[in-house]
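A look at the structure
Chain by chain, the residues:
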Amino acid sequence: MEVKGITREKTLEEFLRTSKKKSKTGIIQAQISSAAKEEYLFTWTGHPFTDAGLVALLLLSGKKRPEELTEEDIKNAIEFASELYSRKKWSSGYIHAMMLPNSGILMANPSMTKKRTPDTIKAKLFSLLSEPEDPNAPVCEICGRRHARPKPVYRSDFPLVGTGGVPNYFPSGKDGANICSHCLFLAQMMPLAAYRLSRVLVIHAYPYELMLEFHKEAIDDVKKTELASVARNFKRPENFLFEKLMDIGTKLEMGRLENASITLYYFVNNNQGQEIEPIYIPNPILRFVAFAARVDRKGWMNIVSMGWRKKPREEEFDEFKKRYPNNVYSKLLSGESILYYFIDPQNRRANSSWRLLSFYCSEVLGLDKEALEFIKGVADRIVETVEKLPDNKLSRRVRELEKAGKLYQFEGFFIRVEKDRQEFGIPEALMSFNDFARILTSYGEDLNVSWKTVKNLLLFRIYERLHDRLMKASEEAGESEEVEEEFEEGGEE
Ligand SMILES: [Zn+2]
């Protein structure tokens, strides 16, 4: 899906035209890379670390595209970075401790403390950009536009690529990586744009411009506090991401997320350990959360609140959001259904608007709209029937549906509602035989749309329409706690 919007650096035809002229590969490579260099200094590569560095350059310069960057912009960014990097809080406290241990380029190596000044760091960064290319060196493994540095790059200068005989995250499993001086330069800018949680967080996005939106806060924080951004004190990367999606989703037109994809890279690279956890956010999830941000923020908050073991009080919500793992987030990220969280069985309440539920069902669960409307119609006929019952009986009838943990119990509920219908003399049956078969069997084998999905959708609609009467009845009977226990057993999908 994402492939559609990717632009190529060079069409195949152009490539062949350039290649035909020379026969020696070395010359061709030199030619290609010098041609590319003439166009502009930096480009998006798809590598999270160099792209994060580019994000820092762009955001500091107020530019949107790499080709807009001027020499002046780069000079200013280097000065800005060198000033901060020479300070202890950045150098030993962040760069050496979490990202580039013993870095010689950024002089974070503890042995360099005395010589470390903004000017010495600045000189090292500038020298990277004027480093001559060796045409005999292999092509850079990240950008493919330049020749790599003659010597392999180690994890002290580029995160997670291993060091002297200890390979890390790196396909060829060899010692160090072939990286060009420009990609290396970009990696040195990454500390400015990254978020500092208990590890380092880079939010890599496609289209790349989207990455600017997700990292703007980091640069703003750095400008304001002169320290690395701590992501509003969020302790978990996925929680932070969902929060940012809510902020950004409110502003974004839905169309801009059509082909978007996001991967979080949560890593640490120091002398004690080198680890990375990539967290991929599927596109339908991005669009769903952005949609929630626009149409039903309250509903989304209700849903998220159900995802913690203990439901937070209103004043605790903020702390929970930053600190604790949430089942709604983790299920969304692992492709499991969160339909169960759209209803609050304890309070017999629908947590969101039907509109948000409908978007979730069609865009994330892949349920077709017609099926959803069909189920809604059945739920409305159930409501039309059971609302004629006195409060206590109404509550009991709905309880039968809530408690149905086995298919035969679910069937039994329909039969009883059908009988209610006949007793009240409501014309037309609740469902035709075909409807009945459809609701019980055609979805039966589908994991996403099992009868439990149908059950949760029916309950959503029933709660939505009968919440007040149901609550009144369960309060009178003093039975709300019992519901929750019994419901959870069978209700979880
Ligand atoms: Zn490169």
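For clarity, every value in this text was computed on a predicted model and none was experimentally measured. (Residues numbered from 1 in each chain as written. Predicted model: local features only at pLDDT ≥ 70, side-chain atom pairs only at ≥ 80, totals over all residues.)

1. Observations regarding helix 11 (residues 297–305)
Of all the positions in helix 11, only Trp 300, Asn 302, Ile 303, Val 304 and Ser 305 are classed as buried. Looking at the packing, one finds that the buried side of helix 11 touches helix 10 (283–295), helix 12 (317–323) and helix 13 (327–333). (Buried ≥ 20, exposed ≤ 12 C-beta atoms within 10 Å, placed from the backbone. Helix = DSSP H or I, 4+ residues; strand = E, 2+ residues; numbered from the N terminus. Contact = placed C-beta atoms within 7 Å.)

2. What about the nonpolar core?
One finds Ala 56, Ile 179 and Leu 458 to be the most contacted residues of the largest nonpolar core, which totals 124 residues. Among the domains, domain 1 (40–212 + 268–277) and domain 2 (346–491) are the pair contributing at least three residues each to this core. Leave out the neighbours within four places in its chain, and Leu 458 touches Ile 375, Val 378, Ala 379, Ile 382 and Leu 401. (Core = buried A, V, L, I, M, F, W, Y, C linked by C-beta atoms within 7 Å. Domains from an automatic or database assignment.)

3. Some thoughts on the sheet that holds strand 4 (residues 274–281)
The four strands lie next to each other as 1-2-3-4, forming an open sheet whose pairing is antiparallel. Since the sheet does not close on itself, it has two edges, and those belong to strand 1 (195–196) and strand 4, each with one partner. As defined by bridge partners, strand 2 (residues 200–206) adjoins strand 3 (residues 261–269) across seven bridges and the pair is classed as antiparallel. Counted as the bridge partner of Val 200 is Phe 267 from strand 3. Packing against the sheet, helix 8 (residues 208–225) makes contact with strand 1 and strand 2, and its axis sits at approximately 150° to strand 2. (Pairing = 2+ DSSP bridges. Axes fitted to C-alpha atoms, helices over the stretch in contact; angles between N-to-C directions.)

4. Description of the environment of Ile 279
If you trace the backbone, Ile 279 turns up in strand 4. Between the C-alpha atoms of Ile 279 and Leu 333, which are 54 residues apart in sequence, the distance is 7.9 Å. Contacts of Ile 279, omitting those with residues within four sequence positions, involve Pro 237, Glu 238, Thr 263, Leu 264, Tyr 266 and Leu 333.

5. Structural notes on the confidence of the model for the chain
Put simply, the chain has an average pLDDT of 86, and 85% of its residues get 70 or more. Within the model, pLDDT remains below 50 along residues 1–8, and this stretch shows eight contacts once partners closer than five positions in the same chain are excluded. (pLDDT = per-residue confidence, 0-100.)

6. Digging into the environment of Ser 156
Position of Ser 156 relative to the elements: it lies in the loop between helix 6 (118–129) and helix 7 (181–193). Taking the C-alpha atoms as reference points, Ser 156 and Ala 108, separated by 48 residues in sequence, lie 9.2 Å from one another. In contact with Ser 156, not counting residues within four places along its chain, are Leu 100, Pro 101, Asn 102, Ser 103, Gly 104 and Thr 163.

7. Regarding the packing of helix 3 (residues 48–61) against helix 7
Here helix 3 crosses helix 7 at 65°, and the two axes come no closer than 6 Å. Regarding the angle of helix 3 to helix 7, the classification is roughly perpendicular. Here helix 3 and helix 7 pass one another in a crossing that is left-handed. For the pair helix 3 and helix 7, the contacting residues are Phe 49, Thr 50, Ala 52, Gly 53, Leu 54, Val 55, Ala 56, Leu 57 and Leu 59 in the first and Cys 183, Leu 186, Ala 187, Gln 188, Met 189, Met 190, Leu 192 and Ala 193 in the second. Along the lines of polarity and charge, the residues of the contact of helix 3 with helix 7 split into 14 nonpolar, three polar and no charged. (Parallel < 35°, antiparallel > 145°, perpendicular 65-115°, else oblique. Left-handed = near helix turned anticlockwise from the far one by under 90°. Nonpolar A, V, L, I, M, F, W, Y, C, P; charged D, E, K, R; others polar.)

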